[in-house]
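# Close look at the chain arrangement
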Amino acid sequence: MAVVEAAAVGSPRAAAARHCPEHPLPEPARTWIEDFVAAPHPQLGRPGAICPNLPFILARRQLYWGSVDYAAVGSGAMPPARTLTVLFRQALAEAARIIAESGDTYRTAVVWVIESAPPHTHRSVIEPAFQAIRSESIAAGIMVGCFHPYRRRRSRVQPELATMRSPVPMIAMRRLLRGDLDSVRDEPDSRRAFDEYFTAHDRDRRSRARPPLTAESTDDE
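Residues numbered from 1 in each chain as written. Predicted model: local features only at pLDDT ≥ 70, side-chain atom pairs only at ≥ 80, totals over all residues. Heavy atoms only, no water.

### Quick word on unusual backbone geometry
The phi angle of most residues is negative, glycine excepted, and most peptide bonds adopt the trans form. Where we set the bar: The numbering of helices and of strands both runs from the N terminus, where a helix is a DSSP run of H or I of at least 4 residues and a strand a run of E of at least 2. For every residue, the accessible area (1.4 Å probe, protein chains only) is compared with the maximum for its type, and the residue is labelled buried under 20%, exposed over 50%, or partly exposed between those bounds.
The residue after Glu27, namely Pro28, is reached through a cis peptide bond having omega 0 degrees. One non-glycine residue with positive phi stands out, namely Arg61, at about 55 degrees. Note that Arg61 resides in the loop between helix 3 (54–59) and strand 2 (63–69). Classification of Arg61 by relative accessible area gives partly exposed; the value is 40%.

### Concerning the layout of surface pockets
Where we set the bar: Here the term cavity refers to a set of points on a 1 Å grid, laid over the protein atoms alone, in which a 1.4 Å probe fits but cannot get out; the term pocket refers to an open set having protein on both sides within 12 Å along at least five of seven lines, with lining residues being those that place an atom within 4 Å of a point. Grid points are joined across faces, edges and corners, and a volume is the space filled by probe spheres set on the points. Gly falls in the polar group here, along with every residue not listed as nonpolar (Ala, Val, Leu, Ile, Met, Phe, Trp, Tyr, Cys, Pro) or charged (Asp, Glu, Lys, Arg).
Its volume calculated, the largest pocket comes out at about 930 Å³. Residue lining of the largest pocket: 37 residues in total, with Ile50, Cys51, Phe147, Arg174 and Asp180 positioned closest to the centre. Sorting elements by how many residues they give to the lining of the largest pocket places strand 4 (residues 142–147) first, with 5 residues. Each residue belonging to the lining of the largest pocket can be placed in one class, and the counts come to 22 nonpolar, 7 polar and 8 charged.

### Comments concerning the nonpolar core
Selection criterion: The definition of a nonpolar core used throughout is a set of buried Ala, Val, Leu, Ile, Met, Phe, Trp, Tyr and Cys residues joined through side-chain atoms within 4.5 Å. Contact definition: two residues touch when any of their heavy atoms are within 4.5 Å.
Ranked by size, the top nonpolar core spans 29 residues in total, and within it Leu84, Phe88, Trp112 and Met173 carry the most contacts. Listed by contribution, the elements that provide at least two residues to this core are strand 2, helix 4 (80–101), strand 3 (109–115), helix 5 (121–139), strand 4 and strand 5 (170–175). Looking at which element gives the most residues to this core, the answer is helix 4, with 8 residues. Once you skip the residues sitting within four places of it in the chain, Phe88 turns out to touch Val68, Ile114, Ile126, Ala129, Phe130, Ile133, Ile171 and Met173. Ala38, Leu54, Val111 and Met164 belong to the second largest nonpolar core, which has 17 residues in total.

### Description of the pairing of strand 5
Let me state the cut-off plainly: When DSSP finds two or more bridges between two strands, those strands count as paired.
Here strand 3 runs beside strand 5; their pairing, made up of 5 bridges, is antiparallel. Bridging from a neighbouring strand, Trp112 pairs with Ile171 of strand 5. Relative to strand 5, strand 4 is paired through 6 bridges, and the arrangement is antiparallel. When the sheet's bridge partners are listed, Ile142 is paired in strand 5 with Arg175.

### Thoughts on the environment of Asp35
Inspection of the secondary structure assignment puts Asp35 in helix 2 (residues 29–37). Take Asp35: its relative accessible area is 53%, and that puts it in the exposed class. Taking the C-alpha atoms as reference points, Asp35 and Ala49, 14 residues apart in sequence, are found 9.8 Å from one another.

### With respect to the pairing of strand 3
Burial of strand 3 is extensive: 6 of the 7 residues sit out of reach of the surface. As defined by bridge partners, strand 2 adjoins strand 3 across 7 bridges and the pair is classed as parallel. Considered in strand 3, the bridge of Ser67 is made with Val113.

### Notes on the pattern of salt bridges
Inclusion rule: Here a salt bridge means any side-chain nitrogen of Lys or Arg lying within 4 Å of a carboxyl oxygen belonging to Asp or Glu.
Counted according to the given criterion, the structure contains 14 salt bridges. Residue Glu94 is joined to Arg97 by a salt bridge in which the shortest nitrogen-to-oxygen separation is 3.0 Å. Linking Glu94 with Arg97, this pair stays in helix 4, spanning 3 residues, or about one helical turn. Residue Glu94 is classed as buried on the basis of its relative accessible area, which comes to 4%. Between Asp189 and Arg192 there is a salt bridge, with the nearest N and O atoms lying 3.0 Å from each other. Placement of the pair is Asp189 and Arg192 together in helix 7 (residues 188–209), with a separation of 3 residues, close to one helical turn. With relative accessibility at 44%, the residue Arg192 sits in the partly exposed group. Among the charged side chains, a salt-bridge network with shared partners connects Arg134, Arg153, Asp186 and Glu187.

Next comes the structure, spelled out in structure tokens:
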């Protein structure tokens, strides 16, 4: 089904490149990320940036960005939210590849700017498409967030600030962390995916830490 839907969208494969002076994030996304999200704020009640890891990501040039063209959403036969979900899945696959190949998975992030999306679609199309990939991205070990100018949801980690209201619509993806639990507590599917991911992760780590069996260790006493 996913292959059929992707073919129906007819868009090129999602691609992202490193945010750098030669290829900067478009304004006003760049200013919002660098001067707000990666900066301290007096209402935080703690030192450091709103997103504590983002200054390190920016300093190491490990922030990547690409665009999702909303124009492709209205040109297909599928409902807009379903079409955008297909595009988001393509973006998720590309982000997972970039993070896995980065050499520093915990300090790499990918931002997708959603271009030419009319304001009325931010909550009616973008948010449903984001929710459609939320639990599957977590199951893959990728945390995804949705941001746009009309976002009503507040961060459960920093509810005092409207950190999810960006000047342009975008979704952001990075490595899933145990600290993300607070963000998914009230989302049954995402919470289940979170628990299953870290259960499997811990099981795999214990398995790799266990010394290999040898002929001597398996012989009866």
